[in-house]
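Listed below are the residues making up each chain.
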Amino acid sequence: MTMLPFLSSATLYEVGELKIQFESDVVRARNLGSLLAAECKFDNTNRIRIGTTISELCRNIIEHANQGLLNFYIATRSRNSDGLVFQWTDHGEGIQDINLIREGNFQSKKGMGVGLMGSQRLMDDFHIETSKNGTKITAAKWLPRISSLMDKDRIEHIQTAFLQTIERGDNSLVETINAQNNELFYLLKQLQERNTQIESINQELEETNKGILALNRELENKAADIAKAMEEAQSANLAKSEFLANMSHEIRTPMNGVIGMLELVLPTNLAMEQYQFLKMAKDSADVLLDLINDILDFSKIEAGQLELEEIDFNLYELVEAVSDVIIQQIENKGLELNLFIKSSVPRFVIGDPTRLRQILTNLLSNALKFTEKGEINIQVEMLNDGNLDQPAHISEVELLFSVKDTGLGIPLNRQSAIFDSFSQADSSTTRKYGGTGLGLSICKQLVNLMSGEIWVKSEPGEGSTFFFTTRLQDSVKNKTIQRSLPEQLHNINILAVDDNETNRIIIRETLKTYGLNATIFDHPQLALEDFLMQHVDFYQLVITDFQMPGMSGYDLIKRIRETSQIPAVVLTSVGAWGEKKTFKELGHVAYLTKPVKQSQFFDSVINVLGLSGNNNQNPIQKEQTDYLQNLLQLPATTCILLAEDNLINQRVAIALIKKAGIQVDIAADGQEALIAVRSKKYDLVLMDVQMPKMDGLDATIAIRKEFGPKDLPIVAMTANAMKGDKEKCIIAGMNDYLSKPIKPKELYHTLETWLIHD
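Below: a short report on this structure. (Residues numbered from 1 in each chain as written. Predicted model: local features only at pLDDT ≥ 70, side-chain atom pairs only at ≥ 80, totals over all residues. Heavy atoms only, no water.)

So, the packing of aromatic side chains
Next up, step 1: Within the structure shown, the criterion is met by seven aromatic pairs.
Next up, step 2: Judged by centre distance (5.8 Å) and plane angle (85°), the rings of F72 and F86 are edge-to-face. Of this pair, F72 sits in strand β2 (residues 68–77) while F86 sits in strand β3 (residues 83–90), and the two are 14 residues apart along the sequence. Here the two residues F72 and F86 agree in accessibility, since each one is buried.
Next up, step 3: Through successive ring pairs, a cluster of aromatic residues spans F72, F86, W88 and F162.
Next up, step 4: Over the face of the ring belonging to W142 we find R77, whose NZ or CZ atom lies 3.5 Å from the ring centre. (Phe/Tyr/Trp six-rings, centres within 6.5 Å; stacked < 30°, edge-to-face > 60°. Helix = DSSP H or I, 4+ residues; strand = E, 2+ residues; numbered from the N terminus. Buried < 20%, exposed > 50% of the residue type's maximum accessible area, 1.4 Å probe, protein only. Lys NZ or Arg CZ within 6 Å of the ring centre and 35° of its normal.)

Considerations on a nonpolar patch on the surface
Next up, step 1: Taken together, F185, L188 and L191 make up a surface patch of nonpolar side chains, about 310 Å² in accessible area.
Next up, step 2: Along the chain, the position of L191 falls in helix α6 (residues 170–265).
Next up, step 3: For L191, a relative accessible area of 47% translates into the label partly exposed. (Patch = residues over 30% accessible without salt bridge, like charges linked within 9 Å, V, L, I, M, F, W, Y side chains within 5 Å. Areas by Shrake-Rupley, 256 points an atom, 1.4 Å probe, with all protein chains shown as cover. Salt bridge = Lys/Arg side-chain N within 4 Å of Asp/Glu carboxyl O.)

Quick word on the nonpolar core
Next up, step 1: Counting residues in hydrophobic clusters, the biggest one holds 44 residues, and the most contacted among them are L315, V319, L356, L363, I376, F401 and F468.
Next up, step 2: Taken together, the elements giving at least two residues each to this core come down to α8 (315–332), β7 (336–341), α9 (353–369), β9 (375–382), β10 (396–405), α11 (439–449), β11 (454–459) and β12 (463–474).
Next up, step 3: Here this core takes eight residues from α8, the largest share from any one element. (Core = buried A, V, L, I, M, F, W, Y, C linked by side-chain atoms within 4.5 Å.)

Notes on the sheet that holds strand β21 (residues 714–718)
Next up, step 1: Taken in spatial order, the five strands make up an open sheet running β19-β18-β20-β21-β22, and their pairing is parallel. Each edge of the open sheet carries a strand with a single partner, namely β19 (663–667) and β22 (736–739). Across the sheet, the mean angle from the axis of one strand to that of its neighbour is 20°, orientation sign disregarded.
Next up, step 2: Its contacts with the sheet place helix α20 (residues 670–679) against β18 (639–643), β19 and β20 (684–687), and it is angled at close to 160° to β18.
Next up, step 3: Across the sheet, helix α23 (residues 744–755) is in contact with β18, β20, β21 and β22; its angle to β22 comes to roughly 170°. (Pairing = 2+ DSSP bridges. Axes fitted to C-alpha atoms, helices over the stretch in contact; angles between N-to-C directions. Contact = heavy atoms within 4.5 Å.)

A few points about the sheet that holds strand β16 (residues 568–572)
Next up, step 1: Overall, parallel pairing links the five strands, which are arranged β14-β13-β15-β16-β17 in an open sheet. Across the chains shown, the open sheet's two edge strands, defined by having one partner strand only, are β14 (518–521) and β17 (589–593). Averaged over all pairs of adjacent strands, the angle between their axes in this sheet comes to 20°, without regard to strand direction.
Next up, step 2: Alignment of strand β15 (residues 541–545) against β16, held across four bridges, turns out to be parallel.

Considerations on the environment of R508
Next up, step 1: Mapping R508 onto the fold places it in helix α13 (residues 501–513).
Next up, step 2: Distance in space between the C-alpha atoms of R508 and A518 is 7.0 Å, their sequence separation being 10 residues.

If you want it as structure tokens, here you go:
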């Protein structure tokens, strides 16, 4: 026998040879192979595989070559398990499509190929040699590795028995068939047991299917219930939205009258007692409006009706303006407010300034409400500064805001609940301090809309720090507008003193923003001693707090004035402005109100140093525009048409417009407004939306058929403040939108936008 690779380490012992010519030879060969496999301790499964392979290949010999030989071998291996080797030899015409057969891709359903492919899978090793002169097939089946090796005596015993079986012929055939039948009965018994198991599994599957069908019916019923509930919820949401729109309009209309009239009367000549009473009424009206706005904002957020705007704005001015709102209340409580914007924070960003201001105002108001002594600090920094590592998109600016107070603090078990709707840290605080409990919930939802997070760190009795992050778009203004300093400011020496550590940090960082450095002391006496030790011209500027223990800022500058007229900047609270005349006597002194604002700080420094002539070198210096003064420069013929049906709102608007020196005519509804613009030339129309006979939207559509947006600007002035109201006005053809209650500054700014042309 030619040595094949899988037989290279094997020793072959021929057991016998059988001529294959008839079908009876096929049966006999199969039985002999099965008996030989049993003697070699193959299991039932492998015996069947060996018998099947022998049957298939013997039939192939008869079909394609008429006759051939089958040789049986026992193979032993030193490193691997022993086994059986079979070799079929014929002198036929050879096998066609041998490559397809070897690859297992032969498609024919008859003849040689099918049997060969099946046999290859049943045996462990398989080899075919074929040509026009005949075919030789060698196949091997190996025992498991754990099987014991066959010794020479056993092999000889098997050889002798096998030869005797072949010589006995038909008599032994009966015995072998009976043995095979026993094996078949055994397999049949196993098959019956398997069938019994399958029937049991089928019964279980049927029961499971019944359960699934019942569950499907239940789910279908629930789906129908859910669909019905969703339809009812949508109807309820629609009714809720309509109610909110109506409530917004109905509440804002009288509030516009109340606040508008108070705005008009407060600047007039009043007795002190009258002024105090009216101021209390105005403050109460503002509080009421804030509560209404909180409820409406919460409802809009809950209904998914609140959308953020994308506006290019000055972040520094916005944060500083928030501090202006409550600075008087801060002073009244004897607190100190500090504002610190790190130099890495861009000045201009794109986002929703109104909602950002709302978050900061809410947090600052809470800090003020619950702080009786100490200070409140507002800080803004880039989120990826320091150890924070949450990179934003390249065109985004990710900021971290914090509002820190020294107030009551919040117990740990209440810190997560305070962001829930209608919730406060302690139910008793609602009555003591007031509020709806909606402020922080609204803040949380607004922060989420800005792709940020909000959280709190607090210790009872030590105070709280509220943090929130937000993602805003970077503005191109940061590249086109750059800080620049007068040449004289470079390399100057500055002496600074403040007893408050936070203020000292702010002074240092603010100076660093402009590339300036300072020697900073925490006590005025130390600052004075250092000043006197230096050469008289060593320092060029002094920055000092006004109220300090041991020695006030006034006393410090007075002592310095004994030897030097060095310019000085005094940091003072709102309540200390009465000392301005006293400081003026000392000369070369500028005032800055706390919290220190960077743009004002820069202006004060260059003014007190006598460098104001170089102001054009500071492009980011804030322009203080007096809208009312600009409007007073308009021609005397300027005239506005006010379309408003509410008498009180008419009076408020007329008084505010006339303050700007502008003529105003009244139309009580949309029809009157349409007639008016046809009969007289107006420079602008202020249009209410909800009016009798013809509303503001229909009136605008009718006017736009005759007058274009540039020919006659129309501005909505309405109490409709829900989502989509502004868009409806713009779609109808209006140029701009004002929501009631009308604020004078917003009104004058809008009038300037549409009436003053460059």
